[in-house]
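Each chain, letter by letter, is given below.
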Amino acid sequence: MRKRTLFRLALGTAAAGAATLAYASLIERNMFTLRRFDVPVLPADTEPLRVLHLSDLHMMPEQRRKQEWVASLAALDPDLVVVTGDNMADPGAVPGVLRALQPLLDLPGAFVFGSNDYTGPVLKNPFSYLLPNREYAEGVELPHEELREILTGAGWADLNNARTTLKAGGLLIELVGVDDPHIERDDYPTVAGPVSPSAELSIALTHSPEPAVLDRMAGDGFGLLLAGHTHGGQVCVPGVGALVTNCGLPRSMAKGLHRWPGSDSWLHVSAGLGTHPTAPVRFACRPEASILTLIPR
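Residues numbered from 1 in each chain as written. Predicted model: local features only at pLDDT ≥ 70, side-chain atom pairs only at ≥ 80, totals over all residues. Heavy atoms only, no water.

Asker: What's the story with the overall build of the protein in this structure? I'm lost.
Answerer: Per the secondary structure count, the protein includes six helices and 14 strands. Within the span of the protein, comprising 297 residues, buried residues form 52% of the whole. For the protein, the share of sequence-separated contacts (at least 6 apart) that also reach a separation of at least 24 residues comes to 73%. Carbon and sulfur atoms provide 56% of the accessible area of the protein, an area that totals close to 13,300 Å². (Helix = DSSP H or I, 4+ residues; strand = E, 2+ residues; numbered from the N terminus. Buried < 20%, exposed > 50% of the residue type's maximum accessible area, 1.4 Å probe, protein only. Contact = heavy atoms within 4.5 Å. Areas by Shrake-Rupley, 256 points an atom, 1.4 Å probe, with all protein chains shown as cover.)

Right, here's the structure in full:
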């Protein structure tokens, strides 16, 4: 009787695990979701400004459903589009990324790159994400310069270790960004400095939300910090949240809107829209894009 009970328990556990894996890989990772946040960063008596934040598309050429969903976001009529990297997961992904972003390219926009804009993913044990200080492995080279030319050709600001101003929603916006700190391509000192007093809004971009970089951006007075990279934890435990952020950010800040400690700045971390191709699952962490409605403080 005891052996039979243990067998039934093991069988039930295996069936529940298989069902969970099927849900995470076939259903939830395709449940694209739009998040909405109000962020009080504008001067008094200023009309709201809407920012569409996209991140971590990890696009594969055949992912038409994802491409069509992202393209449909143009109907939201945002004032500014911000993309915080990891757009590609395959050398042939540029047409798919363009198909997704094309309807948005007529709008003011800005971007930084992540590691998976430069090199593709490699096969790895998903549990390695739980290990601290794991070694980064580079895959096949990706056509990042082709993607860069498309985005800058549309008038979007390339903020990989760069700084600029642009007009959107009738406001003068100062922007700064760094290349991906996760692979040590960031060089904030070359673009550091206080926000200009003439700027009506200031936004800083980084792919990986490393605290050292965010501290410097907030210290210079940038009111809104935007990042991706974490995938929101990708596989979360209900009631517990993310188990890992894959960076120096605390697990409690793996996604969503947060006040950055010790400053007046707000941080929004996107859980992103894609997954690593060798770990195509999401659980308790839907793929997402965000509309940030910026309002007066």
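Asker: Just to check I follow, could you spell out the sheet that holds strand E3 (residues 80-83) for this structure?
Answerer: Two modes of strand pairing occur in sheets, parallel and antiparallel, and in both the strands are linked by backbone hydrogen bonds. If you walk across this open sheet you meet the six strands as E1-E14-E2-E3-E4-E5, and the pairing is mixed. Whereas interior strands pair on both sides, the edge strands pair on one side only; in this sheet they are strand E1 (33-42) and strand E5 (157-158). Strand direction decides the pairing type here: E3 and strand E4 (residues 109-111), joined by three bridges, are parallel. Counterpart to Val82 in the pairing with E4 is Ala110. (Pairing = 2+ DSSP bridges.)

Asker: When you look at the nonpolar core in this model, what are you seeing that I'm missing?
Answerer: In summary, soluble globular proteins display a tendency toward joint burial of nonpolar side chains. Leu54, Val70 and Leu104 are the most contacted members of the largest nonpolar core, which totals 30 residues. When contributions to this core are tallied by element, the ones reaching two or more residues are strand E2 (49-54), helix H2 (64-72), E3, helix H3 (94-101), helix H5 (144-153) and strand E14 (288-296). Of the residues forming this core, the biggest block, four residues, is contributed by H3. Leaving out residues up to four positions away in the same chain, Val70 has contacts with Leu54, Leu57, Ala100, Leu101, Leu104 and Leu273. Leu42, Ile173, Leu205 and Trp266 belong to the second largest nonpolar core, which has 24 residues in total. (Core = buried A, V, L, I, M, F, W, Y, C linked by side-chain atoms within 4.5 Å.)

Asker: Sorry, what's going on with the packing of aromatic side chains here?
Answerer: We describe a pair of aromatic rings using the distance from one ring centre to the other and the angle between the two ring planes. Applying the stated criterion across every chain yields a total of three aromatic pairs. Ring plane angle 40° and centroid distance 5.4 Å describe the contact between Phe111 and Phe113, whose orientation is recorded as tilted. Using a relative accessible area of 0% as the deciding quantity, one classes Phe111 as buried. Exposure remark for Phe113: the relative accessible area of 0% places this residue in the buried category. (Phe/Tyr/Trp six-rings, centres within 6.5 Å; stacked < 30°, edge-to-face > 60°.)

Asker: Quick question: what am I supposed to make of the sheet that holds strand E6 (residues 162-168) here?
Answerer: Reading across from one edge, E6-E7-E8-E9-E13-E12 is the order of the six strands in this open sheet, with mixed pairing throughout. Of all the strands in the sheet, the pair left with one neighbour each is E6 and strand E12 (256-259). Taken over all neighbouring pairs, the strand axes of this sheet differ in orientation by 25° on average, direction set aside. Bridging between strand E9 (residues 224-227) and strand E13 (residues 266-269) involves four bridges; their strand directions are parallel. Paired with Leu226 across the bridge in E13 is His268. Lying over the sheet, helix H6 (residues 211-219) contacts strand E7 (171-177), strand E8 (201-205), E9 and E13, oriented at roughly 155° with respect to E9. (Axes fitted to C-alpha atoms, helices over the stretch in contact; angles between N-to-C directions.)

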